[in-house]
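What follows is each chain in one-letter form.
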Amino acid sequence: MFSSTYRIIDANLNRAREGLRVIEDWCRFVIENQKLSADVKSIRHQILQIAQVSGWTKDNLLPHRNTTEDVGVHNSTAHEYIRDNEKEILHANFSRVQESLRVLEEYGKRDNIGHLFESLRYSLYTLEKNVMEF
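What counts and how
Residues numbered from 1 in each chain as written. Predicted model: local features only at pLDDT ≥ 70, side-chain atom pairs only at ≥ 80, totals over all residues. Heavy atoms only, no water. Helix = DSSP H or I, 4+ residues; strand = E, 2+ residues; numbered from the N terminus. Rg over C-alpha atoms; globule rule 2.2 N^0.38 Å. Buried < 20%, exposed > 50% of the residue type's maximum accessible area, 1.4 Å probe, protein only. Contact = heavy atoms within 4.5 Å. Lys, Arg positive; Asp, Glu negative; His and termini not counted. Charge placed at Lys NZ, Arg CZ, Asp CG, Glu CD. Axes fitted to C-alpha atoms, helices over the stretch in contact; angles between N-to-C directions. Parallel < 35°, antiparallel > 145°, perpendicular 65-115°, else oblique. Left-handed = near helix turned anticlockwise from the far one by under 90°. Nonpolar A, V, L, I, M, F, W, Y, C, P; charged D, E, K, R; others polar. Expected span 1.5 Å × (residues − 1). Arc of directions from axis to C-beta. Polar contact = N/O pair within 3.5 Å; in protein donor to acceptor, adjacent residues only side chain to side chain. Phe/Tyr/Trp six-rings, centres within 6.5 Å; stacked < 30°, edge-to-face > 60°. Lys NZ or Arg CZ within 6 Å of the ring centre and 35° of its normal.

**Student:** Go over the overall build of the protein, please, and point to the residues and values.
**Tutor:** Within the protein, the regular secondary structure consists of five helices and zero strands. Helices and strands in the protein line up, N terminus first, as α-α-α-α-α. Taken over C-alpha atoms, the radius of gyration comes to 15 Å for the protein, in line with the 14 Å a tight globule of 134 residues would show. Reported as C-alpha extents along the three principal axes, the dimensions of the protein are approximately 45 × 35 × 20 Å. The proportion of buried residues among the 134 residues of the protein is 37%. In the protein, the proportion of contacts linking residues at least 24 apart, taken out of those at least 6 apart, comes to 74%. For the protein, the centre of its 18 positive side-chain charges and the centre of its 20 negative side-chain charges are spaced 3 Å apart.

Dropping the structure here:
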């Protein structure tokens, strides 16, 4: 596998877990819903399990990380730093996770695990609907 592929996988695993943590905290502290909070936590842990099984571990990914020379680190839009309310934060993080899972799905196809990320992505679509109803 190319070093750049490891970087893509690393970035998207991190992005997915970070976004899920924001969503999990919303479910836990804002809507105080134990089931939804547990559902989000479960998805976060499933991502880690899939990554472990495929060999996408910190030990394998970290040596390829290169944020100091990453040409995309400073790519941003003005809207990216503005959230008018907490629901926008939630929407942004659901989108972030869904996009990351799509990337992991594509790169996972070479290790025959893409379908697992696809399943999680569809679970997240349903979870988003349930969370946003509060």
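And the narrative resumes.
**Student:** Before we move on, could you go through the packing of helix 1 (residues 3-30) against helix 2 (residues 34-54) and cite the residues and values that matter?
**Tutor:** One way to put it is that helix 1 packs onto helix 2 with a least axis distance of 8 Å and a crossing angle of 165°. When the interaxial angle is binned, helix 1 and helix 2 end up roughly antiparallel. At the point where helix 1 passes helix 2, the crossing takes the left-handed sense. Contacts between helix 1 and helix 2 pair L13, A16, R17, L20, R21, I23, E24, C27 and R28 from the former with L36, S37, V40, K41, I43, R44, I47, L48 and A51 from the latter. Of the residues contributing to the contact of helix 1 with helix 2, the split by class is eleven nonpolar, one polar and six charged.

**Student:** I'd like a rundown of helix 2, residues and numbers included.
**Tutor:** With 21 residues, helix 2 should reach 30 Å at 1.5 Å per residue; the first-to-last C-alpha distance of 30 Å fits that figure. Along helix 2, the residues classified as buried are L36, S37, V40, I43, R44, I47, I50, A51 and S54. Seen from one end, helix 2 has its buried residues packed into an arc of 155°, which puts them on one side. Exposed side of helix 2, more than 90 degrees from the buried face: Q34, K35, Q49, Q52 and V53 are the residues found there. Packed against the buried residues of helix 2 are helix 1, helix 4 (86-108) and helix 5 (114-132). Regarding helix 2, its N-cap is N33, as a side-chain oxygen of that residue lies 3.2 Å from the backbone nitrogen of K35 further along. Remark: G55 follows helix 2 within two positions and exhibits a positive phi of approximately 85°.

**Student:** Before we move on, could you go through the packing of aromatic side chains and cite the residues and values that matter?
**Tutor:** Tallied over the full model, the rule gives two aromatic pairs. Ring geometry for W56 and F117: centres 5.8 Å apart, planes at 10°, overall stacked. Within this pair, whereas W56 is found in the loop between helix 2 and helix 3 (58-61), its partner F117 is found in helix 5, the two being separated by 61 residues in sequence. Take F117: its relative accessible area is 0%, and that puts it in the buried class. Of note, R121 hangs over the ring of Y122, and the distance from its end group to the ring centre comes to 4.9 Å.

**Student:** So, unusual backbone geometry: which residues are in play, and what are the values?
**Tutor:** Not every positive phi belongs to a glycine, and E32 is a case in point at roughly 50°. As for its position among the elements, E32 is in the loop between helix 1 and helix 2. What makes E32 exposed here is its relative accessible area of 63%. A positive phi angle, near 60°, is found at N112, a position not held by glycine.

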